[in-house]
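Chain and residue survey
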Amino acid sequence: MVFPAFLFNYNFFEKRGCLKLTSLSDEVTTNEAGHLTIGGVDTLKLVSKYGSPLIAYDVSKIKSQISHFKQAFIDADVPYRVTYASKAFSAVAMYQLVAGEGLGCDVVSGGELVAALKGGMPAKRIEFHGNNKLPIELEMAVDAQIGCIVVDNFQEIAYLDKILKEKDTTISVVVRVAPGIEAETHKYISTGQENSKFGFDVHSGQAKKALKELLDNPRMNVLGVHCHIGSQIFAARGFVMAVDKMVSLLQQWHEEFGFSAKLLNLGGGFGARYVDSDAPSPAEDFVKQIIAEVKEKIAAANLEFPEIWIEPGRSLVAEAGSTLYTVGSRKDVEGVCHFVAVDGGMGDNIRPALYQAKYDAILANKPHALKEQIVTVVGKYCESGDILVKDALLPITHPGDILAVPSTGAYGYTMASNYNRNPRPAVVFCEDGQDKLIIRRETYDDLLSYDLGL
Ligand SMILES: Cc1ncc(COP(=O)(O)O)c(C=O)c1O
Ligand SMILES: N[C@H](CCC[C@H](N)C(=O)O)C(=O)O
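The structure reproduced in this document is the subject of the present report. Keep in mind the model is a prediction, meaning the values are calculated, not measured. (Residues numbered from 1 in each chain as written. Chains lettered and ligands numbered in written order. Predicted model: local features only at pLDDT ≥ 70, side-chain atom pairs only at ≥ 80, totals over all residues. Heavy atoms only, no water.)

As for the overall build of the chain
To keep things clear, this is the line we draw: We count a stretch as a helix when DSSP gives it H or I for four or more residues in a row; a strand needs E for two or more, and each element gets its number in order from the N terminus. When we talk radius of gyration, it's over C-alpha atoms, and the globule rule is simply 2.2 Å times the number of residues to the 0.38. Relative accessible area decides the class of each residue, using a 1.4 Å probe on protein chains only: under 20% of the type maximum gives buried, over 50% gives exposed, and in between gives partly exposed. In what follows, a contact means two residues having at least one pair of non-hydrogen atoms within 4.5 Å. The accessible surface values rely on the Shrake-Rupley method and a 1.4 Å probe; as for residues, cover is taken only from the protein chains in view. Here Asp and Glu are counted as negative and Lys and Arg as positive; His is not counted, and neither are the chain ends. Every charge is mapped onto a representative atom, which is NZ of Lys, CZ of Arg, CG of Asp or CD of Glu.
The helix and strand inventory of the chain stands at 13 helices and 20 strands. The C-alpha atoms of the chain give 24 Å as radius of gyration, which agrees with the globular expectation for 454 residues (22 Å, within 12%). When its C-alpha atoms are laid out on the principal axes, the chain stretches across 70 × 65 × 40 Å. Here the chain holds 454 residues, and 54% of them are scored as buried. In the chain, the proportion of contacts linking residues at least 24 apart, taken out of those at least 6 apart, comes to 69%. If you sum the accessible surface of the chain, you get close to 19700 Å²; carbon and sulfur atoms cover 53% of it. Within the chain, the 56 negative side-chain charges are centred at a point lying 1 Å from the centre of the 45 positive side-chain charges.

Set out below in structure tokens:
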């Protein structure tokens with residue numbers, strides 16, 4: 001259905017106070033050609049240079065988020081560490097960037113560990129997470145003498161003990177606990193509740209037993225305690241509750257074992273804005289409320305003030321990234337729906353299919369053209385669920401147009417697949433009008449290189 005143009009004249013309705021129809025496309029930056037720009041670079045030029053689909057990051061947005069998180073700690077003058085949860089976007093260039101900004105990083109696999117080291121992340125600033133770290137991964141972490149291993153379960157303690165004995169060495173560890181808090185988010189990305197697969201349960205006494213085992217092991221140096229309550233959280237409330245639980249746990253452990261935590265790691269999970277209606281708290285608000293609560297509760301418990309660690313992933317990279325697609329076919333079923341298909345889809349962004357995640361779309365070649373159709377932006381994969389944007393309000397599109405989907409910088413590339421043997425896209429960093437290819441596009445030769453045949 002094509003609507004009469006006046007229906008999409010925002011000013012007409014907004015002036016009358018009867019409608020607020022906004023989208024992320026109202027906030028885009030354009031150049032003199034009227035094209036969408038990212039980091040000062042023309043998106044059409046990016047696509048003609050690197051092809052599509054293409055994931056383009058505005059590096060200044062990543063840096064600005066990093067500095068917001070850091071500044072709140074600096075202003076409060078408390079010891080801290082911001083550790084980038086690199087599962088959100090793992091690339092050698094990204095580790096180089098965050099290392100240069102003074103951050104640490106969290107890795108969850110041997111693959112992320114080698115990439116972080118290749119990116120020059122100092123080993124001492126790396127922490128290793130995961131609910132089923134493989135013995136080989138633990139060995140890699142011990143060999144690299146990373147900053148700490150966030151111990152998740154009893155089997156891991158046994159593996160680690162064996163490795164440390166064999167290598168006659170030591171390592172620092174942090175105990176991950178499930179504090180029994182349900183974050184207000186999608187159930188698939190909620191991790192702090194008692195039935196989570198991650199961490200030692202506090203309620204049943206598992207966490208205490210784990211601490212005792214670790215304290216009794218002379219090869220493991222227990223630095224502190226960790227929790228992560230979930231992801232895409234918009235308000236500080238859940239973190240404040242987590243602080244209360246964690247400090248009361250530290251108080252019990254201090255009384256029982258004389259244990260003094262050097263660090264309190266409250267995980268990541270800070271929300272990002274995907275569509276206009278999303279309103280996550282700003283980074284500094286999260287941090288300020290966390291610090292205020294830690295100060296109050298630690299003082300009340302009369303404990304030594306720990307270093308406060310946070311592990312933002314999504315909030316550092318989501319809004320900085322956009323995916324550029326080329327428009328191809330279209331299918332109109334009058335009175336039912338309109339599909340606009342692009343040259344990527346669930347292979348480069350599984351989030352709508354997996355979490356019903358919502359995105360917006362922008363016509364990059366004319367972002368400010370009158371938006372007069374509501375369409376479903378679909379991909380090219382053989383799945384009906386291969387939908388990128390459910391109800392996108394767009395100008396009339398034509399094959400060859402470039403469509404940008406903003407806020408795809410987190411868990412897009414890292415969750416990408418080769419479904420239907422589609423190569424994964426290229427990734428480019430853009431800053432001050434300059435672009436730099438940081439991950440090249442996969443080729444068909446890459447895809448076939450694993451196939452051995454008969
Ligand atoms: C332990 C831990 N820390 C940090 C994160 C990062 O979460 P987010 O990307 O929501 O900030 C996650 C989620 O993957 C996690 O499991
Ligand atoms: N691992 C994170 C959630 C990751 C969610 C992410 N994959 C997404 O696309 O939103 C956690 O346990 O909190």
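Some points on unusual backbone geometry
Of note, the bond from Ser52 into Pro53 is cis; its omega dihedral lies within 30 degrees of zero at -5 degrees. Residue placement: Pro53 occurs in the loop between α2 (43–50) and β3 (54–58). Its identity as a non-glycine residue notwithstanding, Asp77 has a phi of 55 degrees, on the positive side. With respect to the helices and strands, the residue Asp77 is situated in the loop between α3 (59–76) and β4 (80–85).

Re the pattern of salt bridges
Note the cut-off: What makes a salt bridge here is a side-chain nitrogen of Lys or Arg within 4 Å of a carboxyl oxygen of Asp or Glu, nothing more.
Under the counting rule described, the total for this entry stands at 17 salt bridges. Note that Lys297 and Glu296 form a salt bridge whose closest N and O atoms lie 3.9 Å from each other. According to the relative accessible area criterion, Lys297 is partly exposed, its value standing at 27%. Salt-bridge contacts for Asp451 lead to Arg421; the nearest nitrogen and oxygen are separated by 3.1 Å. In this pair, Asp451 is assigned in the segment after α13 (444–448) and Arg421 in the loop between β18 (402–406) and β19 (426–431), connecting sequence segments 30 residues apart. What makes Asp451 partly exposed here is its relative accessible area of 44%. Arg421 sits in the partly exposed class, given a relative accessible area of 42%. In this structure, a network of salt bridges that share partners links the residues Glu139, Asp143 and Lys167.

None of this, on its own, says anything about what the molecule does.
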